[in-house]
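One-letter residues, chain by chain:
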Amino acid sequence: MEENFRMIAKCFFGFEEILENELRTLGAQDVEKGVRMVSFKGDKGFMYKANLSLRTALKVLKPIYSFRANNEQALYKGISGVNWSKLLNANQTFVIDATVHSTYFNHSEFVSQKCKDAIVDQFRERTGQRPSIDKAFPDLRINVHIDKDQVSVALDTSGNSLHQRGYRTATNIAPINEVLAAGVLLLSGWEGQSHFVDPMCGSGTFLAEAAMIACNIPANINRKEFAFEKWKDWDNDLFDQIVNSLMKKTKEFHYTIKGFDKAPSAVNKAKDNIRNANLEDYVTVSEDNFFDSEKAVEGKLHMVFNPPYDERLDIHMEEFYKNIGDTLKKSYPGTNAWFITANLEALKFVGLKPSRKIKLFNGSLEARLVKYEMYEGSKRTKFQV
């Protein structure tokens, strides 16, 4: 049996609880929620499974060593305490990502350089050869995190951020990050239980993520590569076994997922991305203006969208957000409408009272995910016995 080891899944602020639930559902052991991260235990197969499946994780790290250091000599010595030849050959490449929250060390670049020296010197002394740095496509990506004098060394099992799912080749101005989109959908309670619409679909990220959630398709099944595929203990057969097992758990979806956008270029990009993700059976995209649209299905409708709030877009903010509220009131009865915006001022002009407000970050911008419940008929009749 493979031995269990501790791992850390990194996430956006506000997604810790969803990520914790994802990990528990997948079968992780000893799950502990932190800030912008959740730690857990699993074996090598579970490491593969977590990278393939997690919708709200940005990276999965495998801690291998920790020590205390309050100066550069102690840092160098601590990094030298790892037997790097077990993880790397002298003819391979590596890179170090350093994060520093410490009065002892001011610059992450300096920390990366010092750690690199320690690793290279160890190889040179033992073999006369040394591995080199490759920032773009390293064989081993090492994560060094310093908090005060506590140094944690971890291997990055993912490589590029897990938001790079592999299906999105075409994007518009300010596309929403795939992990952020998946987290917003899960926070909105989306599980594939009704019809779904994104009325400002842009390049189709919400549509793709909504379809994968509804059908239980692993989030990163279209991804070309994970960092662990270059490791010495890479097990291709085990990985294939995990993929096959996950794909057997996909499920049918009996409603519709529709997206529309008023920009023809966005519609074309969304269609390309949906095709890349092999989701054409579940998602339709068309050209339409939300403000001229109306609800096109019977029964409950789940709506999630990301209205433009980027300074580069030429819209009159006050009027635009008022139109959102008016369109929801007039044309979308029986709809749970959710949207995310970093323009907190603009929310005042929607003219509806949100039933929920969740604080999130879109990149460095503080944002709100808001929910508006549009009832069939009036709200009063809904609650009359």
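Remember, it's a predicted structure, so these values are computed and weren't measured experimentally. (Residues numbered from 1 in each chain as written. Predicted model: local features only at pLDDT ≥ 70, side-chain atom pairs only at ≥ 80, totals over all residues. Heavy atoms only, no water.)

**Thoughts on the overall build of the protein**
What counts here: Here a helix means four or more residues in a row that DSSP labels H or I, a strand means two or more in a row labelled E, and each is numbered from the N terminus. To get the radius of gyration, use the C-alpha atoms; to get the globule rule, take the number of residues to the power 0.38 and multiply by 2.2 Å. Only protein chains enter the accessibility calculation, which uses a 1.4 Å probe; a residue whose area is less than 20% of its type maximum is buried, one above 50% is exposed, and one in between is partly exposed. Residue contacts follow a heavy-atom distance rule, with two residues in contact if any of their heavy atoms lie within 4.5 Å. Only the protein chains shown count as covering a residue, and every accessible area follows the Shrake-Rupley method with a 1.4 Å probe.
Check the secondary structure of the protein and you find ten helices and 15 strands. For 385 residues, the compact-globule estimate of 2.2 N^0.38 gives 21 Å, and the protein sits close to it at 24 Å. The dimensions of the protein, computed from C-alpha atoms along their principal axes, are 75 × 45 × 45 Å. Buried residues in the protein amount to 52% of all 385 residues. Within the protein, counting contacts between residues at least 6 apart in sequence, those at least 24 apart form 76% of the total. When the accessible area of the protein is evaluated, it comes to approximately 18,700 Å², of which 46% is carbon and sulfur surface.

**Regarding unusual backbone geometry**
One non-glycine residue, Asp30, lies in positive phi territory at about 55°. Phi angles above zero are rare outside glycine, and Asn278 is one such case at about 60°. Relative to the helices and strands, Asn278 resides in the loop between α8 (264-276) and β11 (283-287). The exposure class of Asn278 is exposed, given its relative accessible area of 54%.

**Points about the packing of helix α1 (residues 16-26) against helix α2 (residues 44-53)**
Test applied: Axes here refer to lines fitted to C-alpha atoms; in helices the fit is confined to the stretch in contact. Angles between the N-to-C directions go from 0 to 180 degrees. Under this scheme an angle from 65 to 115 degrees is roughly perpendicular, one under 35 degrees roughly parallel, and one over 145 degrees roughly antiparallel; angles in between are oblique. Each helix crossing is assigned a hand: it is left-handed if the near helix lies turned anticlockwise from the far helix by less than a right angle, otherwise right-handed if that turn is clockwise. Under the scheme applied here, ten amino acids are nonpolar (Ala, Val, Leu, Ile, Met, Phe, Trp, Tyr, Cys and Pro), four are charged (Asp, Glu, Lys and Arg), and all others, including Gly, are polar.
Where α1 contacts α2, the two axes come as close as 11 Å, and the packing angle between them is 130°. Classified by the angle between their axes, α1 and α2 sit oblique to one another. α1 and α2 meet at a crossing whose hand is right-handed. When α1 is examined against α2, the residues Glu22, Leu23 and Leu26 are found in contact with a partner set consisting of Phe46, Lys49, Ala50 and Ser53. In terms of residue class, the contact of α1 with α2 is made up of four nonpolar, one polar and two charged.

**What to know about the pairing of strand β12 (residues 301-305)**
Definition in use: Strands qualify as paired when DSSP identifies two bridges or more between them.
Most of β12 is tucked away, with five of its five residues classed as buried. Across the two faces of β12 the burial is the same, with Leu301, Met303 and Phe305 and His302 and Val304 all buried. In terms of strand pairing, strand β9 (residues 195-198) meets β12 through three bridges, oriented parallel. Within β12, the residue paired with His195 across the bridge is Leu301. Here five bridges tie β12 to strand β13 (residues 335-341), and the two strands are oriented parallel to one another.

**A closer look at the sheet that holds strand β3 (residues 37-42)**
Strand order in this open sheet of eight strands is β2-β3-β1-β4-β8-β7-β5-β6, and the pairing throughout is mixed. Since the sheet does not close on itself, it has two edges, and those belong to β2 (29-33) and β6 (132-133), each with one partner. Of the strand pairs in this sheet, strand β1 (residues 5-10) and β3 are connected by six bridges, and their pairing is antiparallel. Directly across from Phe5, in β3, lies its bridge partner Gly42. Packed onto the sheet, α1 meets β1, β2 and β3 and runs at close to 10° relative to β3.

**Some thoughts on the packing of helix α3 (residues 72-80) against helix α4 (residues 108-127)**
Contact geometry for α3 and α4: axes closest at 9 Å, N-to-C directions at 45°. When the interaxial angle is binned, α3 and α4 end up oblique. Read as a crossing pair, α3 and α4 show a hand that is right-handed. Where α3 abuts α4, its residues Glu72, Leu75, Tyr76, Ile79 and Ser80 lie against Phe110, Val111, Lys114, Cys115, Asp117, Ala118, Ile119, Asp121 and Gln122. Within the contact of α3 with α4, the residues separate by chemical class into eight nonpolar, two polar and four charged.

**With respect to the side chain of Lys49**
To keep it simple, the criterion reads: When charges are counted, Lys and Arg contribute as positive and Asp and Glu as negative, whereas His and the chain ends are disregarded. Here, a salt bridge means any Lys or Arg side-chain nitrogen found within 4 Å of an Asp or Glu carboxyl oxygen.
Note on placement: Lys49 falls in helix α2. The side chain of Lys49 is buried and forms no salt bridge, while Asp43, the nearest opposite charge, is found at 8.4 Å. Not counting residues within four places of it along the chain, the set of residues in contact with Lys49 comprises Leu26, Ile242 and Leu246.

**Side note on α2**
Formally: Residues adjacent in sequence count toward polar contacts only when both atoms are side-chain atoms; beyond that, a polar contact is any pair of N or O atoms within 3.5 Å, and within protein one must be able to donate a hydrogen and the other to accept it.
Across the ten residues of α2, ten count as buried, placing the element largely inside the fold. Looking at the buried side of α2, the elements it contacts are β1, α1, β3, β4 (59-68) and α7 (236-247). Among the residues of α2, the N-terminal cap falls to Asp43, whose side-chain oxygen and the backbone nitrogen of Gly45 are separated by 3.3 Å.

**Comments concerning the UniProt feature "domain: THUMP" (unreviewed entry) in the protein**
Note the following rule: UniProt positions are given in the numbering used here, feature names are shortened, and annotations may be inferred rather than shown by experiment.
Mapped onto this numbering, the UniProt entry annotates "domain: THUMP" (unreviewed entry) at residues 46-157. For residues 46-157, the helix share is 33%, the strand share is 32%, and the end-to-end C-alpha distance is 12 Å.

**Looking at the packing of aromatic side chains**
Two numbers describe a pair of aromatic rings. These are the distance of the centres and the angle of the planes. Short version of the rule: Aromatic pairs are defined between Phe, Tyr and Trp rings, using the six-membered ring for Trp, whenever the two ring centres lie within 6.5 Å; interplanar angles under 30 degrees are classed as stacked, those over 60 as edge-to-face, and all others as tilted. Our definition puts a charge over a ring when NZ of Lys or CZ of Arg is within 6 Å of the ring centre and also within 35 degrees of the ring normal.
A complete count under the given rule lists 23 aromatic pairs for this structure. Measuring from ring centre to ring centre gives 5.7 Å for Phe290 and Phe305, while their planes differ by 55°; the resulting arrangement is tilted. One end of the pair, Phe290, is in the loop between β11 and β12; the other, Phe305, is in strand β12, and 15 residues separate them in sequence. For the pair Phe291 and Phe320, a centre-to-centre distance of 5.4 Å together with 75° between the ring planes defines the contact as edge-to-face. One end of the pair, Phe291, is in the loop between β11 and β12; the other, Phe320, is in helix α9 (residues 317-331), and 29 residues separate them in sequence. Cluster of aromatic residues (ring-pair linked, three or more members): Phe290, Phe291, Phe305, Phe320, Tyr321, Tyr332, Phe339 and Tyr372. Between Arg36 and the ring centre of Phe361, over which it is positioned, the NZ or CZ distance is 5.8 Å. The ring of Phe5 has Lys62 lying over it, and the distance from NZ or CZ to the ring centre is 4.2 Å.

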